[in-house]
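Coordinate analysis (summary)
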Amino acid sequence: MSYSIKQAVKQFFRNGAMSTASVFSISAILLILGFFFLLVVNVTNIAESVKKDFDTIQIYLLDSTEYALSDSMMKKLNLMPEVLDVNYLTKEQAMEDFKKLFGDKAYLLEMRQENPLPNSIVVRVTNIEGVDAVVARARSFDGVEGIKYYKEAVNRLIRFTNFIQVGALALILFLVVISVVVVSNTIKLTVVARDREIGIMKYIGATNWFIRGPFLVEGILIGLVSAVVSAFVVGFVYAKIIELFGTDLIVMLSTGFVPLRFMVGNLAVIFTALGVSIGACGSIISMRRFLDT
Amino acid sequence: MIEYKNVTKTYGSNIGLDDVSVSIDKGDFVFLVGPSGAGKSTFIKLLLKEIKPDSGSITFNGLDITKMSNRSVPKLRRSIGIVFQDFRLLPKKTVYENVAFAMEIIHMGPRVIRRQTPQALSLVGISSEAAKYPDELSAGEQQRVAIARAIVNNPTILIADEPTGNLDPDTAWEIMHLLEQINMRGTTIVMVTHAKDIVNKMNRRVISIKSGRITRDEKRGGYGETEDDFGRSELLLRGGPFSL
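Right, let's walk through the structure included here. Remember, predicted model here, so these are calculated numbers, not experimental data.

This paragraph deals with the overall build of chain A. For chain A, the count of helices and strands is 10 helices and four strands. Counting only residues that meet the buried cut, chain A has 43% of its 293 residues in that class. By element, 66% of the accessible surface of chain A is carried by carbon and sulfur atoms, the whole surface being about 16,000 Å².

What follows is the structure in structure tokens.
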């Protein structure tokens, strides 16, 4: 074991140019991967928060509906497990809200004699998937004029985030395969350079794993160095992005970026795991041809 | 200790060995002679399990190595010391490291390595060059290092594939005396050679191979004078300093 590590470190520095080249190519791949990771996590995060804005169902009541009836509706809805809370919105209150939306043009609404807005019940669901059940229930009530909810918009949002997630995963897999090829080619060069040495080692009775050991550790070392490099770069860039656009995002979407510390911590783990396995796979693949007896 | 029984090995339509049966006892010193392409290399490669025979069995230390799994090949090779014509030392390691490496490979402890490596180096008379790199040594010295590496793990058999092929006559004899010494310690030696002069003077067992068959096996033989043992063209091409 100590032999493998000593040899690998020696090889790593002896093949300085090649090692640097591999570290660069793997880092580049890990970087692309890292930025996709940032994208996916943030899109998911934003989508989650946007979903929350769409988790309300508004049940418009006929003007003829008595308050006692609507009160019993609210009690029934409140008993449903999907429901977070239920509120009654009077037509007067609705008009007030509507006016606020118009701001300084609110005087236009004053011209109407009669308030056209209905009384309504506002239901918030605990989970967006619960919307269907609540809507079905509300339909069964008498005295309901209509129901407004954002099922379609939410579905579209979910489809969009799913697409981003699947797309990013496919791209990540593709990049991982590429990086394995890159490492295996780099190590193959060092293996070819040491072909004779490997032959001698086999003649004097070295096991395949003994021969493979240093190359394996070399690959892992390349992967580790790349992981550290890319974690630093991604962390730095992400910190800059947050610095530049963080407040804008909060204003626009009422949610910020996923915190830097959380992201970099997770990315470091992912990069290390990926870097090490890319390096290890690469070196084992590159050795295959030279070790079959 | 080594027994070939009806061993045949062909490469396509070329014959490597053709129904060869021979046995070599412990402590033997055997010369393997014959023209290039006669089957000497095949003979050695089969023993190292670099290649597999088409038929027949090869027993080494009581084990049928033709039935041995590939995983056990390193173990087999550890009990066989090998010396090549071109030395095959690791160029980036010192003399000491080259010899110590053979022990590192079989996971010997550092204390054993520190004890046995100098012993092997002094046995081949190269202790003073321990810190040098192979390319700083003469051919004869390099071959001594290779022999030290081959015997440091106390193999039961030492295979020498034309060990004097790259050496001048005086140096060649020094190497032969060294091999004789090692043989006297009880190590079996199988030496492939074209050096007629050496074979004749050593007066040891000679196995002569031609076209994949053993044509002669003498307890105390010479190289053989006839064309049958050694083609003319072969003499001119490969004979080196010992051919006539």
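The pairing of strand 9 (residues 205-210) of chain B with strand 10 (residues 213-218) of chain B spans five bridges and is antiparallel. Residue pairing for strand 10 of chain B: B:Ile207 is matched across the bridge by B:Asp217.

Time to look at helix 3 (residues 67-79) of chain A. Residue and element names in this part refer to chain A. Helix length check: helix 3, at 13 residues, gives a terminal C-alpha distance of 19 Å against a target of 18 Å (1.5 Å per residue), a fit within 8%. All of the buried residues in helix 3 are Ser-70, Met-73, Met-74 and Leu-77. When helix 3 is viewed along its axis, its buried side chains cluster within an angular range of 100 degrees and face the same direction. Facing away from the buried side of helix 3 by over 90 degrees, the exposed positions are Ala-68, Lys-75 and Leu-79. Contacts from the buried residues of helix 3 go to strand 1 (56-61), strand 2 (83-89), strand 3 (120-125), helix 6 (131-139) and strand 4 (144-148).

Tallying the contact residues gives 15 residues for chain A and 20 residues for chain B. For the pair chain A and chain B, the summed buried surface comes to about 1,800 Å²; carbon and sulfur atoms form 62% of the total. Summed over the shared surface of chain A and chain B, the result is one salt bridge. The salt bridge partner of A:Arg196 is B:Asp86, with a shortest N-O separation of 3.9 Å. Going through the elements one at a time, helix 1 (2-14) and helix 8 (195-203) of chain A are the ones with two or more residues in the side of chain A that touches chain B. It is helix 8 of chain A that contributes the most residues to the side of chain A that touches chain B, six residues altogether.

Here we come to the sheet that holds strand 3 (residues 29-33) of chain B. Residues and elements named next belong to chain B. Spatial strand order, 6-7-8-3-9-10: six strands in an open sheet with mixed pairing. The outermost strands of the open sheet, each flanked by one partner alone, are strand 6 (80-84) and strand 10. Averaged over neighbouring strand pairs, the angle between their axes works out to 15 degrees when direction is ignored. In this structure, strand 3 lies alongside strand 9, joined through four bridges in parallel fashion. Counterpart to Val-30 in the pairing with strand 9 is Arg-205. Strands strand 3, strand 7 (157-161) and strand 8 (188-192) of the sheet are contacted by helix 6 (residues 169-184), whose axis makes an angle of about 150 degrees with strand 8.

Residues and elements named next belong to chain B. Positive phi, normally seen in glycine, also occurs at His-107, with a value near 60 degrees. Considering the arrangement of structural elements, one finds His-107 in the loop between helix 3 (95-105) and helix 4 (110-123). Phi is positive for Asn-154, close to 50 degrees, though the residue is something other than glycine.

Time to look at the packing of aromatic side chains. Scanning the model with the defined rule gives five aromatic pairs over all chains in all. Here the aromatic rings of A:Phe210 and B:Phe101 are separated by 6.2 Å at their centres, their planes lie at 55 degrees, and the arrangement is tilted. One end of the pair, A:Phe210, is in helix 9 (residues 208-253); the other, B:Phe101, is in helix 3, on a second chain. Note on accessibility: A:Phe210 and B:Phe101 belong to one class, buried. Positioned above the aromatic ring of A:Trp209, the side-chain terminus of A:Arg212 is 4.3 Å from the ring centre. Geometry around B:Phe84 places B:Arg88 over its ring, the cationic atom sitting 3.9 Å from the centre.

Conventions used here
- Residues numbered from 1 in each chain as written.
- Chains lettered and ligands numbered in written order.
- Predicted model: local features only at pLDDT ≥ 70, side-chain atom pairs only at ≥ 80, totals over all residues.
- Heavy atoms only, no water.
- Helix = DSSP H or I, 4+ residues; strand = E, 2+ residues; numbered from the N terminus.
- Buried < 20%, exposed > 50% of the residue type's maximum accessible area, 1.4 Å probe, protein only.
- Areas by Shrake-Rupley, 256 points an atom, 1.4 Å probe, with all protein chains shown as cover.
- Pairing = 2+ DSSP bridges.
- Expected span 1.5 Å × (residues − 1).
- Arc of directions from axis to C-beta.
- Contact = heavy atoms within 4.5 Å.
- Buried area = accessible area lost by both parts, 1.4 Å probe.
- Salt bridge = Lys/Arg side-chain N within 4 Å of Asp/Glu carboxyl O.
- Axes fitted to C-alpha atoms, helices over the stretch in contact; angles between N-to-C directions.
- Phe/Tyr/Trp six-rings, centres within 6.5 Å; stacked < 30°, edge-to-face > 60°.
- Lys NZ or Arg CZ within 6 Å of the ring centre and 35° of its normal.

No statement about biological role is implied by the geometric values presented.
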